[in-house]
Amino acid sequence: MQIFAIHPFDPPGDVPALRARVRALIAGHEAGWPLEGRSNNWFTFDAAFSRVLGREGLLGMTWPKRYGGHERHPLERYVVMEELLAGGAPVGLHWIADRQTGPLLLRYGTENQRRKYLPGMAAGEIYACIGLSEPNAGSDLASVRTSARKTPEGWRVNGQKVWTSGAHRSHAALTLLRTEEGSQRNAGLSQLMIDLDTPGVTVRPIVDMTGTHHFNEIFFDDALIPLDALVGTEGEGWKQVTAELALERSGPERYLSSHALLVALIDAVGPDPAPAIAQLIGRLTAEMWTLRQMSMSTAAKLAAGDDPMVEAAIVKDLGNAFEQAMPRLVQAALDADLAANSDLSRLLTWVLLASPSFSLRGGTPEVLRGIIAKGLGLR
Ligand SMILES: Cc1cc2nc3c(=O)[nH]c(=O)nc-3n(C[C@H](O)[C@H](O)[C@H](O)COP(=O)(O)OP(=O)(O)OC[C@H]3O[C@@H](n4cnc5c(N)ncnc54)[C@H](O)[C@@H]3O)c2cc1C
């Protein structure tokens with residue numbers, strides 16, 4: 001059995017020129033970006049830069065032109081995402097809309113929904129968030145209890161979502177709800193695209209260990225949501241969410257969250273590092289390069305129309321282990337002189353505090369390993 005099928009990563013067009021364009025954009029805008037935000041940067045925000053990317057045609061890259069997209073190849077998009085992540089650009093505001101909500105609306109949404117949201121998303125001006133997790137439904141998503149009852153006036157939504165990244169800055173949440181009363185597990189679920197300024201919808205902050213307000217709780221108190229907010233087919237929410245998770249797990253963000261720290265370390269130690277540091281940089285670079293090849297291969301499989309569920313789970317699990325281990329290894333290797341280097345130590349402190357979350361978001365290691373085992377026919 002082939003455990004990890006390698007697909008050739010072969011984007012069309014002039015890839016070096018595309019990379020150079022993104023690097024030049026970053027160089028032209030990075031002056032005001034805080035050092036800490038250069039790591040884990042698909043969770044940091046800069047509305048002006050999101051708009052710049054929209055104007056430059058670097059959002060909604062693969063979407064049809066009639067919805068504001070640019071009809072580029074998915075692997076060209078991958079190249080742009082990789083450059084933005086490795087370059088420390090704050091891309092969190094538009095990340096979810098561009099990565100998964102927009103593509104889901106293209107696949108399952110109505111014409112009205114596409115016209116309402118996609119052009120603004122491709123312009124970097126409309127942001128979306130993911131309404132999946134609930135207080136008792138995280139890994140076990142089929143336990144979702146937040147309900148939507150169909151009435152002649154609209155959907156009456158009641159319940160609570162939690163850990164919703166960026167909800168306080170988003171316009172809408174693609175939300176998984178139980179639409180069939182009394183249904184169990186993954187039956188009777190549907191997705192609604194809920195505008196977050198609707199009366200009865202309240203977004204409350206959760207402050208994380210770094211002191212950042214990044215994620216939220218969303219409460220629904222008898223909120224009346226228009227009937228045409230239903231995305232796709234009533235009762236097919238589980239199937240749609242599974243497609244969404246494949247998009248969520250397969251990108252380069254799953255191993256690059258600590259990348260700024262590696263760059264800062266290399267900058268700090270200069271061309272002639274101590275042997276132990278040189279060895280660490282070599283080890284981290286080799287691991288990163290291997291993960292990069294695996295991630296590109298997974299993206300190529302997805303772009304070819306195949307389902308890389310197992311490969312994506314492998315890259316995410318190994319990638320999260322890598323990006324979590326890096327700050328601990330750097331911390332252990334630093335001597336007093338390096339620890340006194342304020343930029344490096346500030347970034348290290350930040351990544352140490354942020355890194356426990358890397359392996360929770362988008363599926364925990366246990367869940368991913370369950371998927372891998374199932375894919376390999378072991379359970
Ligand atoms: C930074 C961050 C951003 C997030 N953003 C979003 C977002 O935007 N939208 C959203 O909907 N959610 C979001 N989440 C939530 C995330 O998807 C959940 O935290 C995750 O799915 C785990 O769910 P849980 O927290 O309920 O933990 P639980 O499911 O309670 O798991 C607790 C522990 O038990 C283990 N476990 C659970 N089930 C099993 C099993 N069957 N076998 C073995 N072990 C098991 C888990 O691996 C974990 O270690 C975010 C989380 C983080 C950390």
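None of these values were measured; they are calculated from a predicted model.

Visitor: In this structure, what is going on with the domain arrangement of the protein chain? I would like to understand it.
Guide: Many authors give the size of an interface as the accessible area that is lost as the parts come together. Partitioning the protein chain into domains gives domain 1 (15-126), domain 2 (130-236) and domain 3 (250-375). The straight-line distance from the C-alpha centre of domain 1 to that of domain 2 is 24 Å. The interface is formed by 17 residues belonging to domain 1 together with 17 residues belonging to domain 2. Between domain 1 and domain 2, a total of about 1300 Å² is buried, with carbon and sulfur atoms accounting for 67% of that surface. Scanning the region where domain 1 abuts domain 2 turns up one salt bridge. Of the charged contacts, one joins Asp195 and Lys116 as a salt bridge, the two residues approaching to 2.6 Å between their closest N and O atoms. Where domain 1 packs against domain 2, one counts six residue pairs in polar contact (both at pLDDT 80 or more). Contributing elements (two or more residues each) for the side of domain 1 that touches domain 2: α4 (92-108) and α5 (111-122).

Visitor: When you look at the nonpolar core in this model, what are you seeing that I'm missing?
Guide: Nonpolar side chains in soluble globular proteins generally cluster together in the buried interior. Of all hydrophobic cores here, the largest spans 49 residues; its most connected members are Leu84, Leu265 and Val330. At the level of secondary structure, the elements contributing two or more residues to this core comprise α1 (15-29), α2 (47-55), α3 (74-86), α7 (259-269), α8 (275-303), α9 (309-333) and α11 (342-354). By residue number, the principal contributor to this core is α8, which donates nine residues. Split by domain, the residues of this core number at least three in each of domain 1 (15-126) and domain 3 (250-375).

Visitor: Would you mind going over the site of the ligand with me for this structure?
Guide: Taken together, 16 residues surround the ligand, and among them Ser133, Ser139, Trp163, Thr364 and Glu366 come closest. Take Leu132: an N or O atom from its main chain is 3.0 Å from an oxygen atom of the ligand. At 2.6 Å from an oxygen atom of the ligand is found a main-chain nitrogen or oxygen belonging to Ser133. Compared with its free state, where it exposes 970 Å², the ligand has 63% of that area covered by protein. Top element by residues in the shell around the ligand is strand β3 (residues 155-165). It accounts for three residues. Here the residues of the shell around the ligand are counted per class, giving six nonpolar, eight polar and two charged. Two domains each provide a minimum of three residues to the shell around the ligand, namely domain 2 (130-236) and domain 3 (250-375).

Calculation rules
- Residues numbered from 1 in each chain as written.
- Predicted model: local features only at pLDDT ≥ 70, side-chain atom pairs only at ≥ 80, totals over all residues.
- Heavy atoms only, no water.
- Domains from an automatic or database assignment.
- Contact = heavy atoms within 4.5 Å.
- Buried area = accessible area lost by both parts, 1.4 Å probe.
- Salt bridge = Lys/Arg side-chain N within 4 Å of Asp/Glu carboxyl O.
- Polar contact = N/O pair within 3.5 Å; in protein donor to acceptor, adjacent residues only side chain to side chain.
- Helix = DSSP H or I, 4+ residues; strand = E, 2+ residues; numbered from the N terminus.
- Core = buried A, V, L, I, M, F, W, Y, C linked by side-chain atoms within 4.5 Å.
- Buried < 20%, exposed > 50% of the residue type's maximum accessible area, 1.4 Å probe, protein only.
- Near = heavy atom within 4 Å.
- Areas by Shrake-Rupley, 256 points an atom, 1.4 Å probe, with all protein chains shown as cover.
- Nonpolar A, V, L, I, M, F, W, Y, C, P; charged D, E, K, R; others polar.

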